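What follows is each chain in one-letter form.
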Amino acid sequence: MRQKLSFVITCKNERANIGPCIDSAAPIADEILVADSGSTDGTLQYVRARGDCRVIEREYHTAGEFKNWAITHATHSWVFVLDADERATPGLAREIHELLATVPKHDGYLIRRSNRLLGHTIRHGDWGRDRLVRLFRREVCQVAGPGDHSSVHVRTGNVGRLKHAIDHFTIWQWEQYLKKFDRYTRIQAEQWKDDDRQPSFLRLALQPPLRFFRDYILHRGFLDGSKGLQLAYLSAFYTFMKQARLWELQRGLKQTDVEPEAMAAAERRAA
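For clarity, every value in this text was computed on a predicted model and none was experimentally measured.

**Q** It is not clear to me how the nonpolar core should be interpreted in this structure. Could you clarify?
**A** Core analysis: the largest hydrophobic core is formed by 28 residues, its most contacted members being Leu 5, Phe 80, Ile 96 and Leu 135. Elements with a minimum of two residues in this core: strand 1 (5-11), helix 1 (15-25), strand 2 (31-36), strand 4 (78-83), helix 4 (90-99), strand 6 (108-117) and strand 11 (159-171). Setting aside residues up to four positions removed in sequence, Phe 80 forms contacts with Leu 5, Ser 6, Phe 7, Val 8, Leu 92, Ile 96, Ile 111, Arg 134, Leu 135 and Ile 166. By size, the runner-up hydrophobic cluster in this structure holds 18 residues, among which are Trp 69, Ala 70, Val 81 and Val 133.

**Q** Before we go on, may I ask you to explain a positive patch on the surface in this structure?
**A** Taken together, Arg 112, Arg 123, Arg 129, Arg 131 and Arg 161 make up a surface patch of like positive charges. Summarising the element assignment, Arg 131 is placed in strand 8 (residues 131-137). With a relative accessible area of 37%, Arg 131 lands in the partly exposed category.

**Q** Can you walk me through the side chain of His 76 in this structure?
**A** Inspection of the secondary structure puts His 76 in the loop between helix 3 (63-71) and strand 4. A residue is classified by how much of its surface remains accessible, and His 76, at 16% relative accessible area, is buried. With sequence-adjacent residues up to four places away left out, His 76 is seen in contact with Lys 4, Leu 5, Ser 6, Asp 30, Glu 31 and Arg 138.

**Q** Honestly, the pattern of salt bridges in this entry has me stumped. Any pointers?
**A** For side chains of opposite charge, pairing can occur when their charged atoms come near one another. The full count for this structure, using the stated rule, is 20 salt bridges. Between Glu 31 and Arg 54 there is a salt bridge whose closest N-O contact spans 2.4 Å. Of this pair, Glu 31 sits in strand 2 while Arg 54 sits in strand 3 (residues 54-57); the two residues are 23 residues apart in sequence, bridging distant segments of the chain. Assessed through its relative accessible area of 11%, Glu 31 is described here as buried. Classification of Arg 54 by relative accessible area gives partly exposed; the value is 32%. Between Asp 130 and Arg 113 there is a salt bridge; the shortest N-O distance is 2.7 Å. Remark: Arg 113 occurs in strand 6 and Asp 130 occurs in the loop between strand 7 (120-121) and strand 8; sequence separation between them is 17 residues. In this structure, Asp 130 and Arg 113 share a single accessibility class: buried. Each member of the salt-bridge network shares a partner with another, and the members are Lys 67, Asp 83, Glu 86, Arg 113, Asp 130 and Arg 134.

**Q** Quick question: what am I supposed to make of helix 5 (residues 174-194) here?
**A** Residues spaced three or four apart along an α-helix point in a common direction, a consequence of the helix completing one turn every 3.6 residues. The terminal C-alpha atoms of helix 5 lie 30 Å apart, and with 21 residues this matches the ideal 30 Å at 1.5 Å per residue to within 8%. Of all the positions in helix 5, only Tyr 177, Phe 181, Tyr 184, Thr 185, Ile 187, Gln 188, Ala 189 and Trp 192 are classed as buried. Just downstream of helix 5, Asp 196 is the residue with a positive phi angle, here 60°.

**Q** Would you explain the environment of Ala 165 in this entry?
**A** Mapped onto the elements of the fold, Ala 165 is located in strand 11. Judged by relative accessible area, which is 7%, Ala 165 ranks as buried. Along the chain, Ala 165 and Phe 240 lie 75 residues apart, while their C-alpha atoms are 31 Å from each other. Every residue in contact with Ala 165, bar those within four places of it in the chain, is listed here: Thr 89, Leu 92, Ile 111, Arg 112 and Ser 114.

**Q** What is the right way to look at the packing of aromatic side chains in this model?
**A** Any two aromatic rings considered together are summarised by their centre-to-centre distance and by the angle between their planes. One pass over the full model with this rule turns up 14 aromatic pairs. Summarising the aromatic geometry, the rings of Tyr 60 and Phe 66 are spaced 5.5 Å apart at their centres and angled 45° between planes, so their arrangement reads as tilted. For Tyr 60, a relative accessible area of 27% translates into the label partly exposed. Aromatic ring contacts, followed pair by pair, group Trp 174, Tyr 177, Phe 181, Tyr 184, Phe 237, Tyr 238 and Phe 240 into a single cluster. The cationic tip of Arg 197 hangs over the ring face of Trp 192; the distance from NZ or CZ to the ring centre is 4.0 Å.

Basis of the calculations
Residues numbered from 1 in each chain as written. Predicted model: local features only at pLDDT ≥ 70, side-chain atom pairs only at ≥ 80, totals over all residues. Heavy atoms only, no water. Core = buried A, V, L, I, M, F, W, Y, C linked by side-chain atoms within 4.5 Å. Buried < 20%, exposed > 50% of the residue type's maximum accessible area, 1.4 Å probe, protein only. Helix = DSSP H or I, 4+ residues; strand = E, 2+ residues; numbered from the N terminus. Contact = heavy atoms within 4.5 Å. Patch = residues over 30% accessible without salt bridge, like charges linked within 9 Å, V, L, I, M, F, W, Y side chains within 5 Å. Areas by Shrake-Rupley, 256 points an atom, 1.4 Å probe, with all protein chains shown as cover. Salt bridge = Lys/Arg side-chain N within 4 Å of Asp/Glu carboxyl O. Lys, Arg positive; Asp, Glu negative; His and termini not counted. Charge placed at Lys NZ, Arg CZ, Asp CG, Glu CD. Expected span 1.5 Å × (residues − 1). Phe/Tyr/Trp six-rings, centres within 6.5 Å; stacked < 30°, edge-to-face > 60°. Lys NZ or Arg CZ within 6 Å of the ring centre and 35° of its normal.

Here it is as structure tokens:
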């Protein structure tokens, strides 16, 4: 008996991405659920005009928390989670269709993610090793992990692999990505602070260059040429900024607000 499948697509202000994302899911989806967290760019107007999706809306805090909430609204037991900047490739769609034609042997499936930098495919480095559980039976799975970098945890440990990939159009413009970068590093630092983690001079000094060495040398990011170099530097800077923002939260001094005094002085002069 064929298993029915719900696609859960998370988005916010993804008007340029949401159409191709939904189109990639449509051939195999029995339900497409778009979970939005406050779009203002016409994303929801486009989705509703299509007529082939169900929309739910709620405020976003972290990726894991938001996705777990969205998954509870899915109609079917089998769920595939996509971000709006991702696409299910035709090969993956065929593979999933064949898999769900009968009862799958596993409760969750690891899928390779083909990441793109400014439209170019990244084959090496940390991005080239990206595999995530995205197809799963929701009764035994939960999204877990810190910040925006959560992953699906399969409680039974019964995890298989699929051959074909998700296309992930990660960064089209650096300006666009830096807004996410700000959120990612802030959320991670705040979670560390909540866990009472203290800043470390050694982590601040050593982790960024070690991260660069891992991604560029050990994971062979150099084979991607200038693209791999950019990503290795980005990874190192990301690691540095998480530590720096934790230092800011734990030890940074607060700027004195001089405006109330200035306003009071101005009022005295006016009187």
